[in-house]
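What follows is each chain in one-letter form.
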Amino acid sequence: MKLNFTKMQGAGNDYIYIDCRAAGLPPDAAAWAVQLSRRHFSVGADGVIYLCPPLRADGDAAMRMFNADGSEGVMCGNGVRCAAEFLYTHGVRRDCIRIDTPSAGQRVLHRVGDGLWQVEMGRFTAAPDAVGAVGLGGGPLLDVPLCAGGRTWRVHCVAVGNPHCVVFCSQVDTLDVEEIGPKFEFDPLFPERVNVEFVKVLAPNVLKMRVWERGSGETMACGTGACAAVVASVLNGHCKKDTDVDVLLLGGTLTIRYTGDTVLMTGNAVEVFTGTVEV
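What you see is a predicted model, and the numbers here were worked out from it, not measured in a lab.

Chemist: Go over the pairing of strand E5 (residues 96–101) with me, naming the residues and quoting the values.
Modeler: Bridge analysis of strand E4 (residues 61–67) against E5 gives 2 bridges, and the strand direction is parallel. Its bridge partner lying in E5, Ala62 is registered against Asp100. In this structure, E5 lies alongside strand E6 (residues 105–113), joined through 6 bridges in antiparallel fashion. Bridge pairing in E6 links Arg98 to Val108.

Next comes the structure, spelled out in structure tokens:
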């Protein structure tokens with residue numbers, strides 16, 4: 001069958017969008033994500049996002065995100081901004097858009113410029129059950145030792161929709177993320193796997209970050225990961241609360257503000273191209 005899609009990216013984090021608001025999530029959603037995400041052999045992306053009927057009366061749509069390996073993600077910060085931009089350009093002409101998710105609840109997004117959205121990412125937690133960690137202690141899982149790749153790291157495990165393991169290190173530019181990333185993702189301490197952020201503090205309001213995402217590998221950006229990095233930076237005294245922090249990623253910059261009550265993320269949402277593919 002032929003499938004219409006839209007390719008979008010936020011800070012280089014690219015997803016294929018399929019509008020299922022009329023029919024609902026297709027039964028082959030996971031298989032399509034694997035097929036369509038293959039770079040060089042198909043459309044190519046970090047995953048596929050399906051826009052489905054809203055789950056709440058005040059929702060504009062529901063978002064279901066599947067990684068390149070077919071696993072379903074809980075939340076995607078860059079993906080939800082692009083979802084808002086998609087809806088805005090396809091009939092939902094409002095500067096405030098509400099997007100539901102099955103596991104992470106509703107996200108409220110505000111249009112703050114042309115192709116620029118701010119999303120309320122909600123509260124964070126460092127509790128072991130939320131991060132999906134076992135054997136790291138009773139929590140909060142901040143500044144705890146973890147052995148991976150033959151060395152011991154001090155890590156900060158934070159859940160902002162998705163589970164994240166934040167590592168502060170000075171060698172971000174030269175770090176072999178392809179080598180060390182899977183050591184964290186598939187560590188038995190994280191039975192459901194984990195996203196890993198390698199962060200260098202450049203200034204009190206500037207971080208540099210590379211990310212290894214569970215199910216997708218190293219990506220150009222990760223919205224929830226950038227939020228986790230800023231939260232960990234504030235809790236460690238590297239950054240200040242209620243202050244905009246620019247997170248420099250391979251694909252662009254995200255601006256994160258941790259207020260204490262919620263985490264706000266601002267970044268771009270860009271349509272790359274549209275097309276039709278055989279599935």
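Don't stop here, the text continues.
Chemist: I'd like to hear about helix H1 (residues 29–37), residue by residue, with values.
Modeler: Residues of H1 that are buried: Ala29, Trp32, Ala33, Leu36 and Ser37. For H1, the angular spread of the buried residues around the axis is 110°, confining them to a single face. Those residues of H1 that are buried lie in contact with strand E1 (2–10), strand E2 (13–19), strand E3 (47–52), E4 and strand E17 (270–278).

Chemist: Which residues make up the nonpolar core, and what values go with them?
Modeler: Core analysis: the biggest nonpolar cluster contains 53 residues, and Tyr17, Ile99 and Ile256 have the highest contact counts within it. Here the element with the most residues in this core is helix H5 (residues 223–235); it accounts for 8 residues. Grouped together as the second largest cluster of nonpolar side chains are 24 residues, Leu136, Ala159, Val167 and Ile180 included.

Chemist: Tell me about the pattern of salt bridges, and please be specific about residues and values.
Modeler: By the definition in use, this model includes 17 salt bridges. Across the salt bridge formed by Glu278 and Lys2, the nearest N and O atoms sit 3.3 Å from each other. Residue Glu278 is found in strand E17, and its partner Lys2 is found in strand E1; the two are separated by 276 residues along the sequence. Here Glu278 falls in the partly exposed class, since its relative accessible area comes to 47%. Ionic pairing is found between Asp58 and Arg56, a salt bridge with its closest N-O pair at 3.3 Å. Exposure remark for Asp58: the relative accessible area of 37% places this residue in the partly exposed category. Exposure remark for Arg56: the relative accessible area of 44% places this residue in the partly exposed category. Several salt bridges share partner residues, and in doing so they unite Lys7, Asp14, Arg39 and Asp46 into one network.

Chemist: Please provide a residue-by-residue account of H5, values included.
Modeler: In an α-helix there are 3.6 residues to a turn, and that puts residues three or four apart on one side. With 13 residues, H5 should reach 18 Å at 1.5 Å per residue; the first-to-last C-alpha distance of 19 Å fits that figure. Taken together, the buried positions of H5 are Gly223, Thr224, Gly225, Ala226, Cys227, Ala228, Ala229, Val230, Val231, Ala232, Ser233 and Val234. Just downstream of H5, Gly237 is the residue with a positive phi angle, here 80°.

Chemist: Give me the environment of Thr255: which residues, what numbers.
Modeler: Along the chain, Thr255 turns up in strand E15 (residues 252–258). Note on Thr255: relative accessible area 22%, which makes it partly exposed. Residues Thr255 and Thr266, 11 residues apart in the sequence, show an inter-C-alpha distance of 5.1 Å. Within the local environment of Thr255, its side chain forms a polar contact with the side chain of Asp246, the two groups lying 2.9 Å apart.

Chemist: Go over unusual backbone geometry with me, naming the residues and quoting the values.
Modeler: For the bond running from Gly139 to Pro140, omega is 0°, close enough to zero to count as cis. In this structure, Pro140 sits in the loop between helix H3 (128–131) and strand E8 (142–148). A positive phi is found at Arg193, a non-glycine position, where the angle reads about 70°. Mapped onto the elements of the fold, Arg193 is located in the loop between helix H4 (177–185) and strand E11 (195–203). Here Asp242, not a glycine, exhibits a phi torsion of approximately 60°, which is positive. Inspection of the secondary structure puts Asp242 in the loop between H5 and strand E14 (245–249).

What counts, and at which threshold
- Residues numbered from 1 in each chain as written.
- Predicted model: local features only at pLDDT ≥ 70, side-chain atom pairs only at ≥ 80, totals over all residues.
- Heavy atoms only, no water.
- Pairing = 2+ DSSP bridges.
- Helix = DSSP H or I, 4+ residues; strand = E, 2+ residues; numbered from the N terminus.
- Buried < 20%, exposed > 50% of the residue type's maximum accessible area, 1.4 Å probe, protein only.
- Arc of directions from axis to C-beta.
- Contact = heavy atoms within 4.5 Å.
- Core = buried A, V, L, I, M, F, W, Y, C linked by side-chain atoms within 4.5 Å.
- Salt bridge = Lys/Arg side-chain N within 4 Å of Asp/Glu carboxyl O.
- Expected span 1.5 Å × (residues − 1).
- Polar contact = N/O pair within 3.5 Å; in protein donor to acceptor, adjacent residues only side chain to side chain.

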